[in-house]
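Below are the chains, spelled out letter by letter.
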Amino acid sequence: MGSLFTSFNTGVSGLHTAQSGLNTTSHNLANVKTKGYTRQQNIQTDRYYQNVKVAVDGSQIQTGLGTTVSAIRQIRDAFLDKEYHLETGRQAFYEKLSETSGEIEDIFGETEGMEFRNNLQSLWNVMQEMANNPEDITKRRLFVSTAESFLETAQNIYTQLNTYQVSLNKEISEQVDRINTIGETIAYYNKEIVKIEAGGVENANDYRDARNLLLDELATYTNFNYQEDEKGSIQVYIENALFVDAGVSYHLGCEKIPENGFYTVRWLDNGYGDAFDTSEAYSTERKTDVGSLRGILTARGLKIASYADIPDEPQKEDFIDDAGVFDETAYKVAKNKYEAEVSVYNNTTGNSIITQIQAQFDRLIHNVVTKINDAFAPNIEINGDQVNLDAATTGTTADGETFDLTKLTGGKYKVLDVINCPVGADDHETIGTEVFSRGQVDRYQKITLDEQIYGKDADGNDIPLAQKIVDADGNETYTLYLYNEENENDIDWMYTLNSMVINKELTADYSLLEVKANPALGLDGAYAFGQNLFQDLLQSWDENLGVLDPNSQASYNFDDYYTNMIGGLGIRGNDWNNMVDYQTSLAESIEDRRQQVAGVSSDEELVNMMKYQHAYNAASRYINTIDSMLETLIERLG
């Protein structure tokens, strides 16, 4: 009797197991199109075995007590999950770079950059017109207004680049907020999963699905890794900093850079400081090209760049002294410094598409501006040890302060070439008037002297350095125009789009534009020199402006520089588009493989349903058979 009742229980266990299988299969079918759902599977195991007797050979003869569902597991491949997270994150990173490239092309007008190139062409054209007729004041007025329009257009582009940089703060803030929300939700699911699975009776599969879906989303924002403990809780690390630990989540925050208002991303409550290491250029090998948040930070950069951020390679001819001796030691020191600056450039300015374009564009404008200014107000470089102060020891600045002339006897500096520079068409024949000015700093510090001071030309002859001025009473004074060198650490001292303006004195009086020959050359009142001036300026348009990128040896003239700058932007954008296409294809391929493992196949589940239905029917027939046996046994024993 006991064995028959035991058989009854065995059949009942079969019914329960088959019913559980039908329930799991129905659950799978109901979630065929549910995003993030993972296919579930029953794990069946034997129940205990009952010893019946000992066989002749001494082995135990056992009777099984049925079957049971030991677990309802999710079918996932952890390796494919991590591979998918990495590749979708990389896809999001390059999507941001590609998007930024497109925004910059829109700012410049067209993908070929024709709009601003027209401004360069207009400036060149008006210089040609003035070269043919320098005495025509309308030509001078047209030149100044065209130069003003050129600068305004360039500054509009530069300002739009800066504005776009700052506008990315909003997107950074939104992504940081979303990451924090994901972390809090994962921590909540961790607690719920641990609570449900603590008894060892069931798995919190639906919570696990929701958590996995959040990990998929987190992968699009940033690179991370995670691990699961024995309780079912996971620890998540972002860039090796703890983000979620069981039921606790840590938070990211945005902090403004005081100099420019850009957001940086920092940890608020886990003591790690900066969330992302931006000291080196992004790298696939180091996995620093993963996540849209890092993509935004990389595309934006950490500063508003200028021409000063592009290092200039030292030239050997600059290290040859007046005697023709090459200073190899000084050249090597300068070369080593340059190589270190290139490394910094590659990891900072050159790593960001926005800052790279800002620096390249600012260098183009800077060199155009300095070429024009140097044509109208040319300087000569003076070695202090060759200056002859004669009887002069002090001078007076425009502010009335005493200037110690002995300062000029050391080092190298520049002064206005008062002998060869052109003069204005005004009654005073003004010299030293630049077209483009620094916002807060004059081109020259004007120092009034009682006596002339002299330098040396290339042949060792004395050359006067100050302009001789005779007043109405015949009194003679001298004005030294000491050039205020650019200071790359202070934008007010730089010819940069951040601070440059058209010379207000020139816009108020076009006759100040130097288009006449210097009287010191014996060509008093002649405009012929003006033609040579502009011809030289036009010819300089075809001279090399410099390299576009310190990693390349190719140098360009003004027009080719701009063409290659826009072309380089297009090439990088195209490369990133190709990367996006590749990463999209790769991520889709991995997702297909994930779905083959974790996804629900309705055909397969229907087969399972039939299998469990047959198992249920078999268990029912088994129970009927046992019931019939018991009935017969009871009736016959009466």
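Just so we're clear, the structure is a prediction, and the values are computed from it rather than from any experiment.

A. Geometry of the overall build of the protein chain. For the protein chain, the helix and strand inventory stands at twelve helices and 25 strands. Over its C-alpha trace the protein chain gives a radius of gyration of 40 Å, far above what one expects of a compact globule, namely 26 Å for 638 residues. Overall, the protein chain is about 155 × 45 × 40 Å in size when its C-alpha atoms are taken along their principal axes. Looking at the 638 residues of the protein chain, the share that counts as buried comes to 45%. Considering only residue pairs separated by 6 or more positions, the protein chain has 71% of its internal contacts joining residues 24 or more positions apart. Accessible surface for the protein chain amounts to roughly 31800 Å². Of this, 47% is attributable to carbon and sulfur atoms.

B. Focus on the pattern of salt bridges. A complete count under the given rule lists 27 salt bridges for this structure. Linking R286 and E280 is a salt bridge whose minimum nitrogen-to-oxygen distance equals 3.3 Å. Under the relative-accessibility criterion, E280 is labelled partly exposed at 40%. Here D462 makes a salt bridge to K456, at a shortest N to O gap of 2.8 Å.

C. Molecular detail of the nonpolar core. F143, F361 and L364 are the most contacted members of the largest nonpolar core, which totals 97 residues. Top element by residues in this core is helix α4 (residues 137-197). It accounts for 18 residues. Setting aside anything within four residues of it in sequence, one finds F143 in contact with L123, V126, M127, M130, I372, F376, V435 and L513. Core analysis: the next-biggest nonpolar cluster, separate from the first, contains 17 residues, A392, L408, I453 and Y478 among them.

D. Expanded view of the layout of surface pockets. If you add up the space inside the largest pocket, you get close to 1600 Å³. Along the wall of the largest pocket there are 45 residues; nearest its centre are Y307, D312, R363, H366 and E488. Secondary-structure elements contributing two or more residues to the lining of the largest pocket are α7 (328-347), α8 (353-376), β11 (379-383) and β24 (546-547). Residue composition of the lining of the largest pocket, grouped by class: 17 nonpolar, eleven polar and 17 charged. Quantified by volume, the second largest pocket comes out at close to 560 Å³. Lining the second largest pocket are 25 residues, with D442, R443, Y444, K446 and E505 sitting closest to its centre. No other element matches the three residues that strand β17 (residues 444-449) contributes to the lining of the second largest pocket. By residue class, the composition of the lining of the second largest pocket is eight nonpolar, nine polar and eight charged.

E. Main features of the sheet that holds strand β7 (residues 241-245). In space, the four strands of this open sheet follow the order β5-β6-β7-β8, with antiparallel pairing throughout. Strands with a single pairing partner mark the edges of an open sheet, and in this sheet they are β5 (224-228) and β8 (248-249). By the bridge criterion, five bridges tie β5 to strand β6 (residues 234-238) in an arrangement that is antiparallel. By the bridge assignment, F224 is partnered in β6 with I238. With respect to the sheet, α4 is in contact with β6, β7 and β8, its orientation differing from that of β7 by roughly 45 degrees.

F. Local environment of empty space enclosed by the protein. Using the criterion set out here, one finds one cavity of 30 Å³ or more in the structure. Of the voids in this model, the largest cavity is the one considered here, and its volume is about 40 Å³. Elements supplying a minimum of two residues to the lining of the largest cavity: α2 (78-107), α4 and α6 (292-300). Looking at side-chain class alone, the lining of the largest cavity contains four nonpolar, one polar and three charged residues.

G. Summary view of the packing of α4 against α6. One can describe the packing of α4 onto α6 by two numbers: an axis separation of 10 Å at closest approach and a directional angle of 160 degrees. In this view, α4 runs roughly antiparallel relative to α6, as classed from their interaxial angle. α6 is crossed by α4, and the crossing has left-handed handedness. Mapping the contact onto sequence places Q165, L168, N169, E171, I172, Q175, V176 and I179 in α4 and S292, L293, I296, L297 and R300 in α6. Taken together, the residues that form the contact of α4 with α6 break down as seven nonpolar, four polar and two charged.

The rules behind these values
- Residue numbers restart at each chain and count upward from 1, following the sequence in its written direction.
- Totals for whole chains, interfaces and linings use every residue, but because this is a predicted model, local features are given only for residues with pLDDT of at least 70 and side-chain atom pairs only at 80 or more, for both listing and counting.
- Calculation of side-chain values draws on the structure's entire complement of heavy atoms; hydrogens and water are dropped beforehand.
- Each helix is a run of H or I in the DSSP string that is no shorter than four residues. Each strand is a run of E no shorter than two, and both are numbered from the N terminus.
- Using C-alpha atoms as the atom set, the radius of gyration is obtained and then compared with a globule rule of 2.2 Å times the number of residues to the power 0.38.
- Relative accessibility under 20% of the residue-type maximum defines a buried residue, over 50% an exposed one, and the middle range a partly exposed one, all with a 1.4 Å probe and only protein chains included.
- In this analysis, two residues are considered to be in contact whenever any of their non-hydrogen atoms come within 4.5 Å of each other.
- The method behind every accessible area is Shrake-Rupley, applied with a 1.4 Å probe, and residues are considered shielded solely by the protein chains displayed.
- Salt bridge, as used here: a side-chain nitrogen of Lys or Arg that lies within 4 Å of a carboxyl oxygen of Asp or Glu.
- Throughout this description, the term nonpolar core refers to a set of buried Ala, Val, Leu, Ile, Met, Phe, Trp, Tyr and Cys residues connected via side-chain atoms within 4.5 Å.
- The way it works is a 1 Å grid over only the protein atoms, where trapped points that fit a 1.4 Å probe form a cavity and open points with protein on both sides within 12 Å along at least five of seven lines form a pocket, and then any residue with an atom within 4 Å of a point lines it.
- Grid points are joined across faces, edges and corners, and a volume is the space filled by probe spheres set on the points.
- Basically, the charged four are Asp, Glu, Lys and Arg, the nonpolar ten are Ala, Val, Leu, Ile, Met, Phe, Trp, Tyr, Cys and Pro, and anything else, Gly included, counts as polar.
- Strands are labelled as partners when DSSP assigns at least two bridges between them.
- Here an axis means a line fitted to C-alpha atoms, over the contact stretch when the element is a helix, while the angle between two N-to-C directions is reported on a 0 to 180 degree scale.
- Here roughly perpendicular refers to angles of 65 to 115 degrees, roughly parallel to angles under 35, roughly antiparallel to angles over 145, and oblique to all remaining angles.
- Here a crossing is taken to be left-handed if its near helix is turned anticlockwise relative to the far helix by less than a right angle, and right-handed if that turn runs clockwise.

So yeah, pure geometry; function would need other evidence.
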